Amino acid sequence: MTANPFTGTIPALMTPCTAERKPDFDALVRKGKQLVGLGMSGVVYCGSMGDWPLLTDEERMTGVERLAAAGLPVIVGTGAQNTKRAAAMAAHAKQCGAAGLMIIPRVLSRGSSVPAQRAHFDAVLSAAVDLPSVIYNSPYYGYETRADLFFDIRSRHAHLVGFKEFGGAESLRYAAEHITGSDPTLTLMVGVDTQVFHGFVNCGATGAITGIGNVLPREVLHLVDLCERAAKGDVPARRRALELEQALAALSSFDEGADLVLHFKYLMTLRGDAEYALHFNETDALSPAQAQYASAQLELFETWYAGWTRETFGDEARGRAA
């Protein structure tokens, strides 16, 4: 098995599209390289942020191939309409040199059935042989993977190395207490932008998969660094991490809503990434009120962060912003 890629800060890439509303793979690779160059430890492709339900299987595979060929550590989302297609995505990821897999439960049919979910996870993990993998847990999929099923699956698949939790504070605590707390070799990933401090400091997470990190990569890297230091007992870092997470709260909260991709793509255009202006469905768009609110919150945060870093870090702030 290759090294565990589930550590540090990992943006969930969105899929930019052309004027014809087709995937812009050149722009996708550019963004991935930019983010990794800034200090991200890898990228996720074709999780919910990548709009996987709106792409063909061939388009998804091409995106993975292009990212892997560019030398980027890419973790592949395996969401699909059925288990057979999810397993095909996993096998393809392994074949083209992806770094890992993020496996969501079975959706659309028999989602509440434990035997169906067990068979689904077994099939996807078997298709990827020894590719490091995490189960992605989210209340939005209508099924929560509990500790008994997780360890049942792991007894057959040693490359199931951790758990990504998209639920709130209680869900993260459950994962820490009953899953990753049971085995120090397991990795806990914070999967929602609003829970970074809680995940690292209170739950022992060692990585974060981020949406707002596409928009504000330096600032999110800063937050994760402070949280990692706070988790070791650094008192000033704990205080600063809480201040920064609170200031980011409105922007981070977009990660919890149905319009998360619309919000983050719009914010990216405000930061100069014009290739994220369009969506695959022509009717997908923020309302004028939503756009105004998002823009105002971004401007407020940028103003606050510039002043906060000067006040808190002095000369160090200029190097951080460079």
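Above: the structure in question.
Residues numbered from 1 in each chain as written. Predicted model: local features only at pLDDT ≥ 70, side-chain atom pairs only at ≥ 80, totals over all residues. Heavy atoms only, no water.

Undergrad: Is there a simple way to explain the packing of helix H7 (residues 196-203) against helix H8 (residues 217-230) in this structure?
TA: Between two packed helices, both the angle of their axes relative to each other and the distance between the axes serve to describe the pair. Direction vectors running N to C along H7 and H8 enclose 25 degrees, while the axes themselves pass 8 Å from each other. Taken as axis vectors, H7 and H8 run roughly parallel relative to one another. Considering the relative orientation of H7 and H8, their crossing is right-handed. Across the interface between the two elements, Val196, Phe197, Phe200 and Val201 of H7 pack against Leu223, Val224, Cys227, Glu228 and Ala230 of H8. Partitioning the contact of H7 with H8 into residue classes produces eight nonpolar, no polar and one charged. (Axes fitted to C-alpha atoms, helices over the stretch in contact; angles between N-to-C directions. Helix = DSSP H or I, 4+ residues; strand = E, 2+ residues; numbered from the N terminus. Parallel < 35°, antiparallel > 145°, perpendicular 65-115°, else oblique. Left-handed = near helix turned anticlockwise from the far one by under 90°. Contact = heavy atoms within 4.5 Å. Nonpolar A, V, L, I, M, F, W, Y, C, P; charged D, E, K, R; others polar.)

Undergrad: Is there a simple way to think about the pairing of strand S6 (residues 160-165) in this case?
TA: Taken residue by residue, a regular strand's side chains alternate between the two faces of the sheet. In terms of burial, S6 is largely enclosed, as six of its six residues are buried. With five bridges connecting them, strand S5 (residues 133-137) and S6 associate as parallel partners. When the sheet's bridge partners are listed, Val134 is paired in S6 with Gly162. Pairing of S6 with strand S7 (residues 187-190), which is carried by four bridges, proceeds in the parallel orientation. Note on S7: the bridge partner recorded for Glu165 is Val190. Handedness of the crossover joining S6 and S7 through helix H6 (residues 169-179) is recorded here as right-handed. (Buried < 20%, exposed > 50% of the residue type's maximum accessible area, 1.4 Å probe, protein only. Pairing = 2+ DSSP bridges. Right-handed = clockwise from strand over helix to strand, strands pointing away.)

Undergrad: Any chance you could explain the sheet that holds strand S3 (residues 74-77) here in plain terms?
TA: Strand pairing within a sheet occurs via backbone hydrogen bonds; the two strands may be parallel or antiparallel. Spatial strand order, S1-S8-S7-S6-S5-S4-S3-S2: eight strands in an open sheet with parallel pairing. Each of the sheet's edge strands pairs with one partner strand only, and the pair in question is strand S1 (8-11) and strand S2 (43-45). Pairs of neighbouring strands in the sheet enclose a mean axial angle of 25 degrees, with direction left out of account. Relative to S5, strand S4 (residues 100-103) runs parallel, the two sharing three bridges. Its bridge partner being in S5, Ile103 is matched across the sheet by Ile135. Lying on the sheet, helix H2 (residues 57-69) is in contact with S2 and S3; it crosses S3 at an angle near 170 degrees. The sheet strands contacting helix H5 (residues 147-154) are S5 and S6, and the helix crosses S6 at an angle near 150 degrees.

Undergrad: Would you take a moment to explain the pattern of salt bridges for this structure?
TA: Any two side chains of opposite charge can pair, given that their charged atoms come close. Taken as a whole and judged by the stated rule, the model has 14 salt bridges. Among the salt bridges present, the one from Arg21 reaches Glu282, with a minimum N-O distance of 4.0 Å. Taken as a pair, Arg21 in the loop between S1 and helix H1 (25-38) and Glu282 in the loop between helix H10 (260-270) and helix H11 (288-313) lie far apart in primary sequence, 261 residues in all. Taking the relative accessible area as the measure of exposure, Arg21 reaches 23% and is therefore partly exposed. (Salt bridge = Lys/Arg side-chain N within 4 Å of Asp/Glu carboxyl O.)

Undergrad: So what exactly am I meant to see when it comes to the nonpolar core here?
TA: Generally speaking, soluble globular proteins have nonpolar side chains that are buried together. In terms of nonpolar packing, the biggest core is built from 100 residues, with Tyr45, Leu251, Phe264 and Leu267 touching the most fellow members. A total of seven residues in this core trace back to one element, the largest contributor, which is H8. (Core = buried A, V, L, I, M, F, W, Y, C linked by side-chain atoms within 4.5 Å.)

Undergrad: Looking at this structure, I do not really get empty space enclosed by the protein. What am I missing?
TA: The gaps left among the atoms become clear once a water-sized probe is rolled over them. Following the criterion strictly, the structure yields three cavities of 30 Å³ or more and no others. In this structure, the largest cavity spans a volume of roughly 50 Å³. Lining the largest cavity are Asp193, Val196, Ala208, Ile209, Thr210, Ile212, Val220, Leu223, Leu248 and Ser252. At the level of elements, strand S8 (207-210), H8 and helix H9 (235-252) are the ones that each hand at least two residues to the lining of the largest cavity. Among the elements that take part in the lining of the largest cavity, S8 stands out by supplying three residues, more than any other. The class makeup of the residues in the lining of the largest cavity is seven nonpolar, two polar and one charged. (1 Å grid on protein atoms, 1.4 Å probe; cavity = no way out; pocket = protein on both sides within 12 Å on 5 of 7 lines; lining within 4 Å. Points joined across faces, edges and corners; volume = space filled by probe spheres on them.)

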